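# Descriptive structure summary
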Amino acid sequence: MDIEGILKEMTLEQKASYVSGHDMWTTEKFDNPAVPYLFVSDGPHGLRKQETNPNDQSEIYDSIDAVCFPTACATAASFDKQLMYDMGVALGKECQATNVSTLLGPAVNIKRSPLCGRNFEYVSEDPYVSGEMAAAYINGVQSQNVGTSIKHFAANSQETERMYADSIVDERTLREIYLTAFEIAVKKSQPWTFMASYNRINGEYSSENKWLLKDLLRDEWGYEGLVMSDWGAVSDRIKGIAAGLDLEMPGSHGVNDKMIVEAVKSGKLSEEDLDTAVTNILKLAEKFLDHRQEEVFDRDKDHDMAVRIEEECIVLLKNEGVLPFNKDEKIAMIGGFAKTPRFQGGGSSHINAHEITGAADVASDYSEFITYSEGFPADGDEIDEAKFEAALKAANEADKILVFAGLPDSFESEGYDRDHMKMPESQNELIKRLAATGKKVVVVLHNGSPVEMPWVDDVAGIVEAYLGGEGVGRAVMNIIYGKVNPSGKLAESFPIKLEHNPSYLNFPVARHKVVYGEGVFVGYRYYDTKQMDVLFPFGYGLSYTTFDYSNLKVVPEGGSDKIDINSGATVYVDVTNTGSVKGKEIVQLYISDKTAATNRPIHELKGFEKVELEPGETKTVSFVLDKRSFAWYSTELSDWYAANGEYIIEIGKSSRDIVLIERVELTGSFQLPPVIDQDVQLGELLDYEKTAEYTKKRFTGAATAFAGADEEEMDEMTKAVLKYMPLRTLRSFGDMNNEQIEEILNELRKLM
């Protein structure tokens, strides 16, 4: 495609039209010059291509027959980057087969609160997990010459007032928590497109935020692709183009096109900025159209793949010797979700699933001794005593009870947030009554985010299936009967109750503002630092086998016994399957900063790997650590910073089950300098290496005079007062004048 030639031939009116969508799903096209359209489609866990009535929002659930893979809440629990890549490859092939240029996903907004209605579509509460898993998925899709659109950029972690709310978040929190996943994706996978979110960030809409879309995304991170709006997210189109928003989706029926033309003619918008937007869209078209490939959308094959993926995602949360089941046991299968599984969330990502498999549909493949009773519906919260009695009768005639429960569609969806973490009362009540029978009860959960479990101590087993795609029933039964060993682990913390969540006092919106008051203490960063009990911790999941860890080694680059911040280190740990069946273990590496350079979480995840082991087999897992593994974002420096000093490398089975540690020393960095002005504190000057000696000599006498005693004789209060005493107070307490203080400041500045 001759992009420069096309751009020269386009009229101003054509350029203005081209940066707006033609309809809900396609870009504009022209005959002269010849510019073909592109079709984009909702994802991320399947192809929601709306071919008929593309402009009719009421037809959102009327899309092509496609395969629904497990949603992000499930695939995140796999902690398997290769799995995400493979899933991306399959989706890329489906897009090629159906002429879709760009799949709208993945979604990597942080799970700040369990209540966000769209959590099922988001990856994790942890930005490192979100970024690594997203990058693998993006690389898979784009290996098939199909684009992705990572979303929603940025700080969009609730549905309430999502098109208007203002996210009030400090830069350190923004950088460390809410931008990191996007940054990882840019640097490891270069998504073809970025989707700007609806919300404002500190007063400015994301779609017209120059710092976000140009300064950070392009200039700092090196992003090379196209930036589009979320659907209907454009407020000021002229400001948006100047800020780096290339494509508005959908179009505005010509309203904004006319405004663009007028703005260029009046000089309010430079034609150069408009040309940049047009060029970025043409580059996207070139990437797709010049690399079209023949593919067949094999729905049956991809359905089988969806089953295999879900098997890797299921998390075994509790198992008191009840699982796996034996085929000769009498099982009472109870709950409407067994026949009608909730396998995906509501809203724009809703897939018209090719083949939905419920556990009850395939029960006979596993045992002839399974009976089904509804007990409670999958789509409501009605207590039907007749159904309860039928379920209890079936339970009393069985050896074990298998309950399929979870959240109905109405409880969580795009567009609104939950107001509690509870499951339907009908489900909780029946589970309570079933547990009271004395039989062993296993609960299988279909939900997109954490739920409270008032019966957690009363049941023998809990299986978290999440929203596991169209093949979830088959995958769950393979786990229940031991055909597959569970290997998923939670990519989010399950608090005991909602009030424990760190965002509780600031979620979702107050007077159109979302205050991110918890700062960097999100999820396990908060719970672990507070040593607060949780229902199930981040990174937690059981297996039908056992694993031992040993031989932790931290090897700094260059052969030193200390880690140089500029060269990093490699960490090695051996993992052994000490059980009797083959299994997979997710090895997690956390780093704890002991330098006290700033207020940080007790530890943060900086590496994870999934490893498969035969019984008795040992494998060595390795992790590469660099500066960012140790760093936090300093707003003073406007850069990432890690202090010299002690850190602890932790290897864990979860964030609460740390099995091996190694203390290391970091070198090659520098001290954060104090600000040298009249407000600098004496303690700051004594702590800073370059000013410590001068300060001690210069002020020892003054401090002694102030305290009326030598340092060793001072009480703790006096020592503290001196430590936090600003230099300016020596006018009052040190008998110094302004000239003397300025002389001291000049001497200090020379030492910096």
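To start, this report covers the structure provided alongside it. These numbers come from a predicted model, not from an experiment.

Relative to the 16 Å expected for 12 residues at 1.5 Å per residue, helix H14 (residues 385–396) spans 16 Å between its end C-alpha atoms, a close match to the ideal helical length. Regarding H14, the residues found buried are Phe388, Ala391, Leu392, Ala394 and Ala395. The arc enclosing the buried residues of H14, seen along the axis, measures out at 160°, which places them on a common side. Turned more than 90 degrees off the buried face of H14, the exposed positions are Ala386, Glu389 and Lys393. The opening residue of H14 is Asp384, an N-cap whose side-chain oxygen sits 3.0 Å from the backbone nitrogen of Ala386.

We now examine the nonpolar core. Nonpolar side chains tend to gather and get buried jointly when the protein is soluble and globular. Counting 188 residues, the largest nonpolar core has Phe153 and Met453 as its most contacted members. For Met453, the contacting residues outside a window of four places in its chain are Leu317, Leu445, Ile462, Phe494, Leu535 and Phe536. Residues Phe547, Val554, Ile565 and Val573 belong to the second largest nonpolar core, which totals 32 residues.

Let us now look at the sheet that holds strand S5 (residues 193–196). Strand order in the open sheet made by the five strands is S1-S2-S3-S5-S8, with parallel pairing throughout. Looking at strand neighbours, the two that pair on one side only are strand S1 (40–42) and strand S8 (226–229), the edges of this open sheet. Taking each pair of neighbouring strands and ignoring which way they run, the sheet shows an average axis angle of 30°. With three bridges connecting them, S1 and strand S2 (residues 102–104) associate as parallel partners. Bridge pairing links Val40 to Thr102 in S2. Contacting strand S3 (147–153) and S5, helix H7 (residues 180–189) runs over the sheet at an angle of about 160° to S3.

Moving on, we get to the sheet that holds strand S4 (residues 166–168). Strand pairing in a sheet relies on backbone hydrogen bonds. The paired strands run either parallel or antiparallel. Taken together, four strands build an open sheet; the order of strands is S7-S6-S4-S15 and the sheet is mixed. Each edge of the sheet is formed by a strand with only one pairing partner; in this case those strands are strand S7 (204–205) and strand S15 (513–515). For S4 and S15, the ladder comprises three bridges, and the chain directions are parallel. Residue Asp166 lies in a different strand from S15, and its bridge partner there is Lys513.

What counts, and where the lines are drawn
- Residues numbered from 1 in each chain as written.
- Predicted model: local features only at pLDDT ≥ 70, side-chain atom pairs only at ≥ 80, totals over all residues.
- Heavy atoms only, no water.
- Helix = DSSP H or I, 4+ residues; strand = E, 2+ residues; numbered from the N terminus.
- Expected span 1.5 Å × (residues − 1).
- Buried < 20%, exposed > 50% of the residue type's maximum accessible area, 1.4 Å probe, protein only.
- Arc of directions from axis to C-beta.
- Polar contact = N/O pair within 3.5 Å; in protein donor to acceptor, adjacent residues only side chain to side chain.
- Core = buried A, V, L, I, M, F, W, Y, C linked by side-chain atoms within 4.5 Å.
- Contact = heavy atoms within 4.5 Å.
- Pairing = 2+ DSSP bridges.
- Axes fitted to C-alpha atoms, helices over the stretch in contact; angles between N-to-C directions.

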